[in-house]
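Tertiary structure, described
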Amino acid sequence: MKLAGLRTRVIAGFAAGALALSASMALISYQVTRSSLLDGRQRSTIRAATFDARVISAGLTVDRPDIVAILRSLDTGGNRRALLHRDGNWYARGADPRAVDAVPDGLQRMVESGGQGIQLVRIDGEPAVVVGISLSPTTALYEIDYLRELDQTLRVLGWVLTLVAAVVAAAGAGLGWYATRYVLRPLRSVADAAEGITAGDLAARLDPATDPDLQRLTTSFNAMVEQLSRRIERDRRFAADVSHELRSPLQTLAASASVLHRRRDHLDERTATAAGLVVDEIGRFQSLVDDLLELSRGDLPVTRAPVDMADLAHRVVELRGLPPEIVQCGEGQRWAVDRRRIEQVLVNLLDNAVTHGGGPTAVRIVAEEGTGVIEVDDEGPGVNPADRTVIFDRFVRGRSAGARGGDDGTGLGLSLVAQHVGVHGGRVTALDRPGGGARFRVELPGVR
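The notes below deal with the structure included here. Just so it is clear, the structure is predicted and the values come from calculations on it, not from any experiment.

**What to know about the overall build of the protein chain**
A tally of helices and strands in the protein chain yields eleven helices and twelve strands. Looking at the protein chain residue by residue over its 448 residues, the buried ones come to 37%. Taking the intrachain contacts of the protein chain between residues at least 6 apart in sequence as the baseline, contacts between residues at least 24 apart amount to 63%.

Given below as structure tokens:
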């Protein structure tokens, strides 16, 4: 299962904390309010029942009292029901069997023993409170007070507190979103600087004055970038200096070897073979020096300009002596790229296909939703899956060293492809070509 991002976890934590706090406060508030309202209602019911007990007691002092008339004289309002249990019989103001059945047996035993009590009950799902008062050993008054209004009030209070808890949780999530946005802002600055450095902008730095609490991070990051920049510049300058120093003697060797090669017909067979090997190795050495020189210039900024990709591809194919029909490019493919770098990409991929892939079969150039795609197919045995993730690595010799087992080429061609594509913010991958062979795919974002 994919782990949620830091911002998501922080927002969820804020929301959960706010919900737990608001739910706890809502529950406590509900219980305190319910207890307070219920206690007040019970006291009111007890006072009313006590008053009614005096009235009934006074009415029962006469001979042959009319119990129903006495009960009807009570002011019970619309919520209370008065019941009189006398000599084993029940008396009420009206026929209401539910009221008699609602008097709990435990409360009856308590009242019959000469005491009084109160108990919460439910009558047909409605809450009510029953008060029992003993008037004499054979007479007891029971009053049922229905709590419809109180129950409705508590229901409304519960919904309100639930809504408040939900709003507080949402507010906590909003606070978490704002907090993460503020807290992660320095990390975004680091990410932006890192992306700039990856794209070749070695001048990218963090502002030490942005946040005093992050001064150590800022200082360490800037020091790391500064040291990296100096090392890259030192390596680039060394490669450039070595390449320049080697070009002059190589040109002299190449000229001398060329003379020997042209006179190979006047040499014996072994000497002619040796002269041919020398010419080949010098050519390879010159290619290596050229690749090193190109690598030393690889960290220079990208210069984008509109380039007709069809014309560029046909030109490269023609210069390599390849059939022009392998180029597959539609009309209007004008991309904003660094022409020198993309031309080098095409040259190196085609040379790689010729040397190690049995020759190129297709060069496709298309634009997919603003991303330029270049695909070069060959008809060789393909690329070992274990080598696909490292074949374009800068310090890996590429297919000439691992994938095909060959010894030709400098081993830097595909590294140059990765470098030129990388400074464009793109990526390059090695795939299987349908039907056999390999397919090298270059993706360049933002070409239009």
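**Examining helix α5 (residues 148-183)**
For α5, built from 36 residues, the straight-helix expectation of 52 Å at 1.5 Å per residue is met to within 8% by its first-to-last C-alpha distance of 52 Å. Taken as a whole, α5 has its buried residues at Leu150, Asp151, Leu154, Leu161, Ala165, Ala169, Gly172, Gly176 and Thr180.

**Notes on the pattern of salt bridges**
A full pass over the atoms with the stated rule returns 18 salt bridges. Taking the shortest distance from any N to any O, the salt bridge between Arg80 and Asp52 comes out at 2.9 Å. Placement of the pair is Arg80 in strand β1 (residues 80-86) and Asp52 in helix α1 (residues 6-59), with a sequence separation of 28 residues. One exposure class covers both Arg80 and Asp52, and it is buried. The closest approach of N and O atoms between Glu126 and Arg148, which form a salt bridge, is 2.8 Å. Taken as a pair, Glu126 in strand β4 (residues 126-136) and Arg148 in helix α5 lie far apart in primary sequence, 22 residues in all. Assessed through its relative accessible area of 29%, Glu126 is described here as partly exposed. Here the salt bridges do not stand alone but share partners, grouping Arg364, Glu368, Glu375, Asp377, Arg427, Arg439, Arg441 and Glu443 into one network.

**Some thoughts on the sheet that holds strand β7 (residues 327-329)**
The strand order β7-β9-β10-β12-β11 describes an open sheet built from five strands, whose pairing is mixed. The open sheet has two free edges, formed respectively by β7 and β11 (427-432), since each of these has just one partner strand. Each strand of the sheet is rotated relative to its neighbour by a mean of 15°, with strand direction disregarded. Set on the sheet, helix α9 (residues 309-319) makes contact with β7, β9 (360-368) and β10 (371-378); between it and β7 the angle comes to about 175°.

**Quick word on a nonpolar patch on the surface**
Together, Phe14, Leu175, Trp177, Tyr178, Tyr182 and Val183 make up a nonpolar patch on the protein surface, roughly 660 Å² of accessible area in all. Take the nonpolar patch: its biggest share by element is five residues, from α5. Secondary-structure assignment places Phe14 in helix α1. Its relative accessible area of 34% is what places Phe14 among the partly exposed residues.

**Overview of the sheet that holds β1**
An order of β2-β1-β5-β4-β3 is seen for the five strands of this open sheet, with the pairing classed as antiparallel. Looking along the sheet, the strands with just one partner apiece sit at the ends: β2 (89-92) and β3 (116-123). Averaged over all neighbouring strand pairs, the angle between strand axes comes to 25°, with direction disregarded. Sheet topology note: the β1/strand β5 (residues 139-146) ladder contains seven bridges and is antiparallel. Within the sheet, the bridge partner assigned to Leu83 lies in β5 and is Tyr142. Sheet contacts for α1: β1, β3, β4 and β5; angle to β4, the most-contacted strand, approximately 35°. Packed onto the sheet, helix α4 (residues 105-112) meets β1, β2, β3, β4 and β5 and runs at close to 165° relative to β3.

The rules behind these values
Residue positions are counted from 1 within each chain, in the order its sequence is given. Under the rules for a predicted model, residues below a pLDDT of 70 receive no local features and side-chain atom pairs below 80 are neither given nor counted, while totals for whole chains, interfaces and linings still include all residues. Based on all heavy atoms of the structure, the side-chain values leave hydrogens and waters out of the count. Segments assigned H or I by DSSP are reported as helices when at least four residues long, segments assigned E as strands when at least two residues long, and all are numbered from the N terminus. Throughout, exposure labels follow a simple rule: accessible area from a 1.4 Å probe, protein chains only, divided by the maximum for the residue type, with under 20% read as buried, over 50% as exposed, and the rest as partly exposed. Throughout, a residue-residue contact means that at least one pair of heavy atoms, one from each residue, lies within 4.5 Å. In this scheme, a helix's expected span is set at 1.5 Å multiplied by one less than its residue total. Salt bridges are defined by distance alone: a side-chain nitrogen of Lys or Arg within 4 Å of a carboxyl oxygen of Asp or Glu. DSSP calls a pair of strands paired once it identifies at least 2 bridges connecting them. Every angle, taken between N-to-C directions, lies between 0 and 180 degrees, and every axis is a line fitted to C-alpha atoms, over only the stretch in contact when it is a helix. Like charges within 9 Å and nonpolar side chains (Val, Leu, Ile, Met, Phe, Trp, Tyr) within 5 Å are joined into patches, using only residues over 30% in relative accessible area that form no salt bridge. Each accessible area is a Shrake-Rupley estimate made with a 1.4 Å probe; only the visible protein chains count as cover when residues are assessed.

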